[in-house]
Amino acid sequence: MLLSAFLSKRFRAYSGHKDEKNGFVSFIAKASTIGILLGVAVLIVALSVINGFEQQLVHRLLSVVPQVEYVAPSRPIANWSQKVEDLQTQPHVTGAAPFIAVNGMAQYKSQLKAIEIRGIEPSLESNVSAVNQFTSGKLVSQLGLDDVILGKQIVKQLDAKVGDNITLLIPKISQKGQSLLAPKRVTLNLAGVIEMGGPIDSTAAFIHLNKAQQTLGYDETQVTGLRLSVDDVFSAHQIALKVGQTIDDYVYVSSWFRTQGSLYQDIQMVRTIVYIVVFLIIAVASFNIVSSLVMEVREKQGNIAILKTMGAKDSTILATFVMQGLMQAFVGVALGTLIGVVLALNISELFTWISQLFGANPLEGVYFIEFLPSKLVLEDIGITVIVTFVLAILATIYPAWQATRVDPAKVLGN
């Protein structure tokens, strides 16, 4: 093995000599190394960004949007306080809160904006939502009876500011049928602004539960829905179905998979596509090693023949060229991993700098975040390195085996 390592080192030194007749062999070897380098770096950065989006989905979006909801389609849910207490005792449930949800309009002077109004109980809302983390001014947990908290984009479109009086137009449905009555106008003080990023800033409006009940003609024990937070967001649908069986009212069962599931599926699909595409790129770069080693074997037939006449075993020749190919892969993997890790750790700052340089942020108002997240996972780096080396080993086997078949009598006889 030591002899094989020594011979591989000498062959590499000779291939890089400026008097080398066939410089094309050296070029192919360097091209394969650069290809592996780029493939490894791109895969590490891409997977880190995907991991970052998934992390933000869980800790940012899913901490604010309802994880589990039970919505009454017709008559309101009565005696909500007792039901909330019962739900909080169920397995895997970490919090429960009531709400009244209705679509409406926000008006300030001559400006109008369609919104989703949610009447909440401030003392319980923090048990199921982390919206306080993204609220400036008065927090949701401090919401007063005559206050309203709106998303940033709503406030921007209305051209309003904290302290202004905002009029909410809330539609009412007749008790006897499904016909719409004239909307109820409620004037409230803009007490806070939600700045989370994405569509939530364009739709969310929070008012006190009692104000919503008064406006819609409900009594203090009636709500339109109950909301839960669970200990495992990826099992939310199963938990919702199981816990929902304990509710006596006729309700629709909903989880974040219905409202945000497509986003999570898109993230997983992109992860799979990135794995496939980039590993194919690495495979192409790895199998360029085949071309370089095959040409190198042909070029060094004389050296191989001399080594065989001196007693070198086929295993020694085989190991020499396998090491030759693995060294090309090692350089590419090492440099690619280093570059990929550095970029992955700084991609957020780099994206922000580029956005400021060009004066445009492609994520603004589109996704639930307006920056490029990154989360470096050692397991991804390990898988990338192992698969790359496996491909490199497979690529070196054929040319190394061809080297062992060199016939000293034919080569030296010519």
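Reading the values: rules and limits
- Residues numbered from 1 in each chain as written.
- Predicted model: local features only at pLDDT ≥ 70, side-chain atom pairs only at ≥ 80, totals over all residues.
- Heavy atoms only, no water.
- Helix = DSSP H or I, 4+ residues; strand = E, 2+ residues; numbered from the N terminus.
- Buried < 20%, exposed > 50% of the residue type's maximum accessible area, 1.4 Å probe, protein only.
- 1 Å grid on protein atoms, 1.4 Å probe; cavity = no way out; pocket = protein on both sides within 12 Å on 5 of 7 lines; lining within 4 Å.
- Points joined across faces, edges and corners; volume = space filled by probe spheres on them.
- Nonpolar A, V, L, I, M, F, W, Y, C, P; charged D, E, K, R; others polar.
- Phe/Tyr/Trp six-rings, centres within 6.5 Å; stacked < 30°, edge-to-face > 60°.
- Lys NZ or Arg CZ within 6 Å of the ring centre and 35° of its normal.
- UniProt positions renumbered as here; feature names shortened; annotations may be inferred.
- Arc of directions from axis to C-beta.
- Contact = heavy atoms within 4.5 Å.
- Polar contact = N/O pair within 3.5 Å; in protein donor to acceptor, adjacent residues only side chain to side chain.
- Core = buried A, V, L, I, M, F, W, Y, C linked by side-chain atoms within 4.5 Å.
- Salt bridge = Lys/Arg side-chain N within 4 Å of Asp/Glu carboxyl O.
- Patch = residues over 30% accessible without salt bridge, like charges linked within 9 Å, V, L, I, M, F, W, Y side chains within 5 Å.
- Areas by Shrake-Rupley, 256 points an atom, 1.4 Å probe, with all protein chains shown as cover.
- Pairing = 2+ DSSP bridges.

**Considering unusual backbone geometry**
- The backbone of Asn79 sits at a positive phi, close to 55°, despite the residue not being glycine.
- Note on placement: Asn79 falls in the loop between β1 (68–71) and α3 (80–88).
- One non-glycine residue, Lys109, adopts positive backbone phi at about 55°.
- Structurally, Lys109 is set in the loop between β2 (93–108) and β3 (111–120).
- The exposure class of Lys109 is exposed, given its relative accessible area of 66%.

**Brief notes about empty space enclosed by the protein**
- Counted according to the given criterion, the structure contains 1 cavity of 30 Å³ or more.
- As a volume, the largest cavity reaches approximately 30 Å³.
- What lines the largest cavity is Leu43, Ile44, Leu47, Ser48, Leu376, Val377, Asp380, Ile381 and Thr384.
- Going through the elements one at a time, α2 (23–61) and α12 (378–404) are the ones with two or more residues in the lining of the largest cavity.
- Element by element, the count of residues in the lining of the largest cavity is highest for α2, at 4 residues.
- Of the residues contributing to the lining of the largest cavity, the split by class is 6 nonpolar, 2 polar and 1 charged.

**Points about the packing of aromatic side chains**
- As enumerated under the stated definition, the model contains 4 aromatic pairs in all.
- Aromatic side chains Tyr250 and Tyr252 sit 6.1 Å apart centroid to centroid with 65° between the ring planes, which places their arrangement in the edge-to-face category.
- When its relative accessible area of 47% is taken as the criterion, Tyr252 is described as partly exposed.
- Note on Trp256 and Phe257: the rings are 4.1 Å apart at their centroids and 25° apart in plane angle, and the pair reads as stacked.
- Since its relative accessible area comes to 29%, Phe257 is described here as partly exposed.
- Members of the aromatic cluster, connected to one another through ring pairs, are Phe234, Trp256 and Phe257.
- Seen from the ring of Phe99, Arg118 lies directly overhead, with NZ or CZ sitting 4.3 Å from the centre.

**Details of the UniProt feature "transmembrane region" (unreviewed entry) in the protein**
- With numbering aligned to this structure, UniProt lists the feature "transmembrane region" (unreviewed entry) at residues 27–50, 273–295, 316–344 and 381–401.
- The span residues 27–50 shows a helical share of 100% and a strand share of 0%, and its end C-alpha atoms are spaced 34 Å apart.
- Its end C-alpha atoms 40 Å apart, residues 316–344 is made of 100% helix and 0% strand.

**Overview of α3**
- Here α3 has its buried residues at Trp80, Val84 and Leu87. Seen end-on, α3 carries its buried residues on one side only, within an arc spanning 65°.

**A look at the environment of Ser229**
- In this structure, Ser229 sits in strand β9 (residues 225–230).
- A relative accessible area of 5% means that Ser229 is categorised as buried.
- Contacts of Ser229, omitting those with residues within four sequence positions, involve Gln67, His92, Val93, Thr94, Gly95, Asn127 and Val128.
- One polar contact links the side chain of Ser229 to the main-chain carbonyl oxygen of Asn127, over a distance of 3.1 Å.

**Points about the nonpolar core**
- Within the largest apolar cluster, 98 residues are counted, with the highest numbers of intra-cluster contacts made by Leu150, Ile166 and Leu168.
- The element that contributes the greatest number of residues to this core is helix α9 (residues 256–299), accounting for 14 residues.
- In contact with Leu150, not counting residues within four places along its chain, are Val155, Leu158, Ile166, Leu190, Gly192, Val193, Ile194, Ala204 and Ala205.
- Membership of the second largest hydrophobic core comes to 5 residues, among which are Ile317, Phe321, Ala400 and Ala403.

**So, the pattern of salt bridges**
- For the coordinates displayed, the defined rule picks out 9 salt bridges.
- The shortest N-O distance in the salt bridge between Lys83 and Asp249 comes to 3.4 Å. On the criterion of sequence distance, the pair formed by Lys83 in helix α3 and Asp249 in the loop between α8 (236–244) and β10 (252–255) is long-range, its members being 166 residues apart.
- Note on Asp249: relative accessible area 23%, which makes it partly exposed.
- Arg118 serves as the salt-bridge partner of Glu116, at 3.5 Å between the closest nitrogen and oxygen.
- Residue Arg118 is classed as buried on the basis of its relative accessible area of 10%.
- Connected through salt bridges with shared partners, the residues Glu69, Glu116 and Arg118 form a single ionic network.

**Overview of the environment of Val65**
- Relative to the helices and strands, Val65 resides in the loop between α2 and β1.
- When its relative accessible area of 8% is taken as the criterion, Val65 is described as buried.
- In the structure, Val65 is positioned 66 residues away from Val131 in sequence and 8.7 Å away in space, judged by C-alpha atoms.
- Once residues within four sequence positions are removed from consideration, Val65 is found in contact with Ile200, Arg227 and Gln260.

**Here we look at a nonpolar patch on the surface**
- A cluster of nonpolar side chains, contributed by Met327, Phe330, Val331, Leu335, Ile339, Leu343, Leu350, Trp353, Ile354, Leu357 and Phe358, occupies part of the molecular surface with about 1,000 Å² of accessible area.
- Tracing the sequence through the fold places Phe330 in helix α11 (residues 314–358).

**A short note on the pairing of β2**
- Most of β2 sits out of view: 12 of its 16 residues are buried.
- The pairing of β2 with β9 spans 6 bridges and is antiparallel. Its bridge partner being in β9, Ala97 is matched across the sheet by Arg227.
- Pairing of β2 with β3, which is carried by 10 bridges, proceeds in the antiparallel orientation. Looking at β3, one finds that Ala101 is bridged to Arg118.
- Linking β2 back to β3 in an antiparallel pair, the connection comprises 2 residues, with Lys109 at a positive phi of about 55°.

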